[in-house]
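# Topology and contacts: notes
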Amino acid sequence: MDNWADRIDKVVWDFPAEDEVEAQTPTQFAAGKTDVFQALLPYLERVQKRLRDILSFSGPLEPILTYLMSTTGKLLRPMLVISSAWVFAPVDEVGWATNQPFHPLGCRPELKSGQKPDQEFMISMIIDIAAACEMVHIASLVHDDIIDGSSERRGLPVIHDIWGIHSAILTGDYLLSRANNTALMYPGIGVAGLLNDAVELMCRGEIAQDSRLYDSTVTACDYFYQAGRKTAALMAAACKAGAMAAGGAPDAQEQLWQFGIRLGTAFQIADDILDLTSDEKTLGKPVFNDLKLGTLTLPLIYAMETTMREDIVNCFGNKALNPGRIPELRKKLVSSGCIRKAARVANSILESSRKNLLALPPSYGRDYLLQISMQLGEKVMSAGAFSSETLEALGRP
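Fair warning: this is a prediction, and the values are worked out from it, not measured in the lab. (Residues numbered from 1 in each chain as written. Predicted model: local features only at pLDDT ≥ 70, side-chain atom pairs only at ≥ 80, totals over all residues. Heavy atoms only, no water.)

## A short note on the confidence of the model for the protein
Short version of the rule: Per-residue confidence from the predictor is given as pLDDT, running between 0 and 100. For helices the rule is a DSSP run of H or I covering at least 4 residues; for strands it is a run of E covering at least 2, with both sets numbered from the N terminus onward. Any pair of residues with heavy atoms lying within 4.5 Å of one another is described as a contacting pair.
Overall, the prediction assigns the protein a mean pLDDT of 86, with 83% of residues at 70 or greater. When pLDDT is averaged over each helix and strand of the protein, the minimum, 50, is found for helix α21 (residues 388-393) and the maximum, 98, for helix α9 (residues 165-183). Throughout residues 21-31 the model reports pLDDT below 50, and contacts reaching past four residues in sequence, or to other chains, amount to 19 contacts. Under a pLDDT of 50 for its full length, residues 98-115 has, in the predicted model, 31 contacts with residues more than four places off or in other chains.

## Notes on the nonpolar core
Under the convention used in this document: For our purposes a nonpolar core is just a set of buried Ala, Val, Leu, Ile, Met, Phe, Trp, Tyr and Cys residues, chained together by side-chain atoms within 4.5 Å. Categorising residues by exposure relies on relative accessible area from a 1.4 Å probe, with only protein chains included: less than 20% of the type maximum marks a residue as buried, more than 50% marks it as exposed, and the intermediate range marks it as partly exposed.
Formed by 124 residues in total, the largest nonpolar core has its most connected members in Leu 80, Ile 82 and Ile 269. By residue number, the principal contributor to this core is helix α7 (residues 119-148), which donates 16 residues. Ignoring anything within four residues of it in the chain, the contact list for Ile 269 reads Tyr 223, Phe 224, Leu 298, Ala 342, Val 345, Ala 346 and Ile 349.

## A closer look at the packing of aromatic side chains
Note the cut-off: When two rings of Phe, Tyr or Trp (its six-membered ring) have centres within 6.5 Å they constitute a pair, described as stacked for plane angles under 30 degrees, edge-to-face for angles over 60, and tilted for the intermediate range.
For the structure shown, the criterion picks out 5 aromatic pairs. A ring pair is formed by Tyr 43 and Trp 86, whose centres lie 5.2 Å apart and whose planes are at 85 degrees; its orientation type is edge-to-face. Here Trp 86 lies in helix α6 (residues 76-86) and Tyr 43 lies in helix α4 (residues 41-54), a separation of 43 residues in the sequence. Assigned by exposure class, Tyr 43 and Trp 86 land together as buried.

## Description of α7
Heads up, the condition is: Any helix carries an expected span of 1.5 Å times its number of residues minus one.
Compared with the 44 Å implied by 1.5 Å per residue over 30 residues, the 43 Å span of α7 between its first and last C-alpha is a close match. With 23 of 30 residues buried, α7 lies mostly within the body of the structure. Among the residues trailing α7, Gly 149 stands out with phi positive, at a value near 70 degrees.

## Brief notes about the pattern of salt bridges
Note the following rule: In what follows, salt bridge is the name for a side-chain nitrogen of Lys or Arg lying within 4 Å of a carboxyl oxygen of Asp or Glu.
Inspection of the entire model under this criterion finds 12 salt bridges. With a shortest N-O distance of 3.5 Å, Glu 328 and Lys 332 are connected by a salt bridge. Residue Glu 328 and its partner Lys 332 are located together in helix α18 (residues 326-336), separated by 4 residues, close to a single helical turn. Among the ionic pairs, Glu 351 bridges to Arg 354, the shortest N-O distance being 3.3 Å. Taken together, the positions of Glu 351 and Arg 354, both in helix α19 (residues 338-358) and 3 residues apart, correspond to about one turn of that helix. Arg 354 shares its class with Glu 351; the two are buried. Each member of the salt-bridge network shares a partner with another, and the members are Asp 311, Arg 325, Glu 328 and Lys 332.

## What about the packing of α6 against helix α12 (residues 232-246)?
Our working rule: Lines fitted to C-alpha atoms define the axes here, with helix axes fitted over just the stretch in contact, and angles between the N-to-C directions of these axes take values from 0 to 180 degrees. Handedness of each helix crossing follows the sense of rotation of the near helix against the far helix: counterclockwise by less than a right angle gives left-handed, clockwise gives right-handed. Each residue gets one label: Ala, Val, Leu, Ile, Met, Phe, Trp, Tyr, Cys and Pro are nonpolar, Asp, Glu, Lys and Arg are charged, and the others, such as Gly, are polar.
Where α6 meets α12, the axes come as close as 7 Å, and the angle between the chain directions of the two elements is 35 degrees. Note on packing geometry: the crossing formed by α6 with α12 is right-handed. Along the contact surface, α6 presents Leu 76, Arg 77, Leu 80, Val 81, Ser 84 and Ala 85, while α12 presents Leu 234, Met 235, Ala 238, Cys 239, Gly 242, Ala 243 and Ala 246. Here the residues of the contact of α6 with α12 are counted per class, giving 10 nonpolar, 2 polar and 1 charged.

## Describing empty space enclosed by the protein
The criterion, for reference: Every definition here rests on a 1 Å grid over the protein atoms only: cavities are sets of points where a 1.4 Å probe fits but cannot get out, pockets are open sets enclosed by protein on both sides within 12 Å along at least five of seven lines, and lining residues have some atom within 4 Å of a point. Grid points are joined across faces, edges and corners, and a volume is the space filled by probe spheres set on the points.
Under the definition given, this model contains 3 cavities of 30 Å³ or more. Size it by volume and the largest cavity reaches roughly 160 Å³. If you list the elements that add at least two residues to the lining of the largest cavity, you get α5 (62-69), α7 and β4 (156-157). If you tally residues by element for the lining of the largest cavity, the top one is α7, at 4 residues.

Following this line, the structure appears as structure tokens:
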């Protein structure tokens, strides 16, 4: 497994202390802002088309898969694949530049004797790998919704409520199979093995979390073990896969893998903060779900160190949460400072992720990855800046 299991925890924990990043802002790393989604839109549209092609002619699964493809999110993992590839491939602000060689960090070995892959082959390969990563992600969401008993995903009914749990589970399995088959189209790169390793780690992280449900002794160390696997492993694989496809040198692949681990961990913290501070309409899924399901996330772990400990222990003891108590609990969480503390930790991890990128040569791909990290940092800072005054202004008790 490329020693992932041993290295994830070291990478996740290697971030600056809170007081070292308190005065820093994400904008120090880049002069201007780029809308990465818009910049990569022509390629992301190709990813979406490729997904439809790969999943077409799927027999009785076709209506389910069509429904899933209509609710795709922001395609973050494909953006990571493409941006990471663009660190090494000869691209400019409008796309692939045909008159430039590969970056001198190294080229992928020739596929045939005396013949290097041409431009369209390389782009198609990167699109396929991006589609494979997205299929793994969608499969994980399908399975997560079943495990969590969710009723909505992105504001729409989940597929297990429409087609049943049995069909939903098999749809997730089918997506994993199609992802693997797509990655195996390029056996010389090793992306299939990379994705398989990521799926194994995702399973380890989820089961580690499930084994500690309604457990008030879960620590920050336990949380990072889970987040580094269930969320960050696939993002790291996406970053490394893009670098592998474009011929990035091993040390550069490692920097991108570490970037993905840190980005994914901070992403999970942000998601857990929003579960507590957002509303169902904005989030597109039920709020306070972690507390309802007995999962101690990082802000709740910090809350256990405050007067909120009794509230959390009572919820866990009853294995239930009265929806009427959510406004009161939200206000307590904000006033206790645990939301802000979790946001500062996420920002510290993102700070380390940007240093991974600064070890790479300047490129449009690196700039796109920096922007993705910065935009997540802004999201974290906004969520962490929630105050009691903000809650009152929104009309929440």
